[in-house]
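Spelled out, the chains give:
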Number of protein chains: 2
Amino acid sequence: MKPIQITEPKEEDKDKELKDRMSRIKHKIIVMSGKGGVGKTSVSVNLSYALAQAGREVGLVDIDLHGPNIAKMLGVEGKGLGGSSDGGIEPVRVLPNLKATSISFAIPSSDHPIIWRGPMKASAIRQFLEEVNWGDLDFLIIDSPPGTGDEPLSACQLIPNVSGAVIVTTPQDVAILDARKSVFFARQLQIPVIGIIENMSGFVCPHCGKETAIFKKGGGERAAKDLGVPFLGRIPFDPRLVELADEGTPFVSGGNDDAPSRAFMQICSQIEDFLSVSGTKARLAEKGVRDAPV
Amino acid sequence: MKPIQITEPKEEDKDKELKDRMSRIKHKIIVMSGKGGVGKTSVSVNLSYALAQAGREVGLVDIDLHGPNIAKMLGVEGKGLGGSSDGGIEPVRVLPNLKATSISFAIPSSDHPIIWRGPMKASAIRQFLEEVNWGDLDFLIIDSPPGTGDEPLSACQLIPNVSGAVIVTTPQDVAILDARKSVFFARQLQIPVIGIIENMSGFVCPHCGKETAIFKKGGGERAAKDLGVPFLGRIPFDPRLVELADEGTPFVSGGNDDAPSRAFMQICSQIEDFLSVSGTKARLAEKGVRDAPV
């Protein structure tokens, strides 16, 4: 077999407009997974929503161009991106302090497939970052498609300083196998790994109340330990979450009295803690203070 | 927003070696899904294995370069592709009549992420089709990553006559939304849609025996009806299938005495029927006989 070389990350032309837009956003978090269907979009949507409910200014950008699902999960299907007086693109407002951009807001029908090769996708992602009026944000959440291809690579190379990657997995081996690749991807691109979330971890039968580890259990935590990255927590599987996602209701919007929401809110505060600590460390490092206690 | 155009499928240079290799394969089936994690690889692996058990000569090519899981699910992790005297690539033999090729057979460690943009991926997929000694096959099963991007596009454009697409979905709306895109993708590339499989359809609690529609139920069948494509059947969710996949045992290898295997064998015969009818129709059409009863 001919040797296959890894494409070295090119030094993209990070131009002024892009830098300006991104400089107004405090934290940029990319949500990744190796395998699809592990709940990456559900985590992105609920993380954005929870942060917005806590009073933060939040943007959510969907860079999964082939399977863009944030609009459906946020209950804003059918809305469109707008134009603005300065020539930029106006994102869709989900809450007064939660803005979202997705290719699904720009295509004529939800059946319409995006049959694009990589360069077209990179160009669309650039537009989403550079031309959208994100304004001043505390958080930009980037919902990525599964894998380590053009889309996450473009986002990570275009955004000057990605604050960190949240990696979502289910507990079974085949998902963990791919999640480990995401950790190595982040390391190769020098993006801090905020941690691993284990999703769909155990299922409690609504009929008898007994638990079955439908996708096994504990694999996410073991992988985190093994790779030396934080474990952010596990979210139990609950069929009501599937219903809520299909209805366009983020499950964290209903208060925190159920197990998945409680688990999720703990994950959110861990993410905020990570960013505040790493932010303080970075500021101290800028001032020449290294390894200072924070 | 600047208008975004769909990249028109280019007329690739389908050269002689590729054509020669592909002409020795009777049926080429691409297994696709819009959303990830719906069981596409599980379907590809079990379809290949079931056909091989039934005495067919089968090849399985994994074009999911970022999340290559067929080696793990077939229990042949750690094996490598070989060289052969004619300069081609020797696939991994899973059974005497089942050969497989995956990027995971060519990378140093399972943690190693493939951080490639589209053109590199297209080139690897071309090698998998053109340079692998597939020999004379009844079936080549193509396991595709989720979505409608570079990988399925390359495979469908490189292979002169793709016999058909099998589209896998779970029953919930967000998966169906994306599965519909796969149907439109196949139509746009003039590939017959063999049908839709509804996977993870209902979960029977091992403690109390009662069923819960964990990812809802019936969505795949409704979508098939709505889009006018065949519905191939539903495979119930069974946590033992997760265990078997992690252990590298195709679930159809254990006989057909459980519900998922029975469902799956019916799906396999429907696929064979579709191909035999469409093959007869194609041969009649070549002879100028149209709409003849077959």
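Structural data are supplied above this passage.
**Student:** How do you make sense of the pairing of strand β9 (residues 193-204) of chain A when you look at a structure like this?
**Tutor:** Along any regular strand, the residues point their side chains to alternate faces of the sheet. Residues and elements named next belong to chain A. For β9, a buried count of eleven out of twelve residues is recorded, marking the element as mostly surrounded by other parts of the structure. Strand direction decides the pairing type here: strand β8 (residues 164-169) and β9, joined by five bridges, are parallel. Across the sheet, residue valine 168 finds its bridge partner in β9, namely isoleucine 197. Sheet topology places β9 next to strand β11 (residues 231-237); five bridges connect them, and they run parallel. By the bridge assignment for β11, phenylalanine 203 is matched with phenylalanine 237. Bridge analysis of β9 against strand β10 (residues 211-212) gives two bridges, and the strand direction is antiparallel.

**Student:** Looking at this structure, how should I read the pattern of salt bridges?
**Tutor:** Opposite charge on two side chains makes pairing possible when the charged atoms of those side chains draw close. On inspection of all chains with the given rule, the structure shows 40 salt bridges over all chains. In this structure, A:Asp150 and B:Lys121 form a salt bridge, with 3.8 Å as the shortest nitrogen-oxygen distance. Taken together, the positions of A:Asp150 in helix α5 (residues 150-158) and B:Lys121 in helix α4 (residues 118-130) put the pair across two chains. Each member of the pair, A:Asp150 together with B:Lys121, is buried. Between A:Glu211 and A:Lys217 there is a salt bridge whose closest N-O contact spans 2.7 Å.

**Student:** Whenever I open this one, the interface of chain A and chain B confuses me. Can you help?
**Tutor:** How big an interface is tends to be reported as the loss of accessible area on association of its parts. Chain A puts 73 residues into the contact, and the matching count from chain B is 73 residues. Here chain A meets chain B over a buried area of about 6,600 Å², counting both sides, of which 61% is carbon and sulfur. Inspection of the region where chain A meets chain B yields ten salt bridges. Across the salt bridge formed by A:Asp111 and B:Arg180, the nearest N and O atoms sit 2.5 Å from each other. Across the contact surface, chain A and chain B share 29 residue pairs in polar contact (both at pLDDT 80 or more). Sorting the residues of the side of chain A that touches chain B by element identifies α3 (70-74), α4 (118-130), α5, α6 (173-188), β9, β10 and α8 (239-247) of chain A as the ones contributing at least two each. Looking at the side of chain A that touches chain B element by element, the count peaks at nine residues for α6(A). Residues of the side of chain A that touches chain B, tallied by class, amount to 34 nonpolar, 20 polar and 19 charged.

Cut-offs applied
Residues numbered from 1 in each chain as written. Chains lettered and ligands numbered in written order. Predicted model: local features only at pLDDT ≥ 70, side-chain atom pairs only at ≥ 80, totals over all residues. Heavy atoms only, no water. Buried < 20%, exposed > 50% of the residue type's maximum accessible area, 1.4 Å probe, protein only. Helix = DSSP H or I, 4+ residues; strand = E, 2+ residues; numbered from the N terminus. Pairing = 2+ DSSP bridges. Salt bridge = Lys/Arg side-chain N within 4 Å of Asp/Glu carboxyl O. Contact = heavy atoms within 4.5 Å. Buried area = accessible area lost by both parts, 1.4 Å probe. Polar contact = N/O pair within 3.5 Å; in protein donor to acceptor, adjacent residues only side chain to side chain. Nonpolar A, V, L, I, M, F, W, Y, C, P; charged D, E, K, R; others polar.

No statement about biological role is implied by the geometric values presented.
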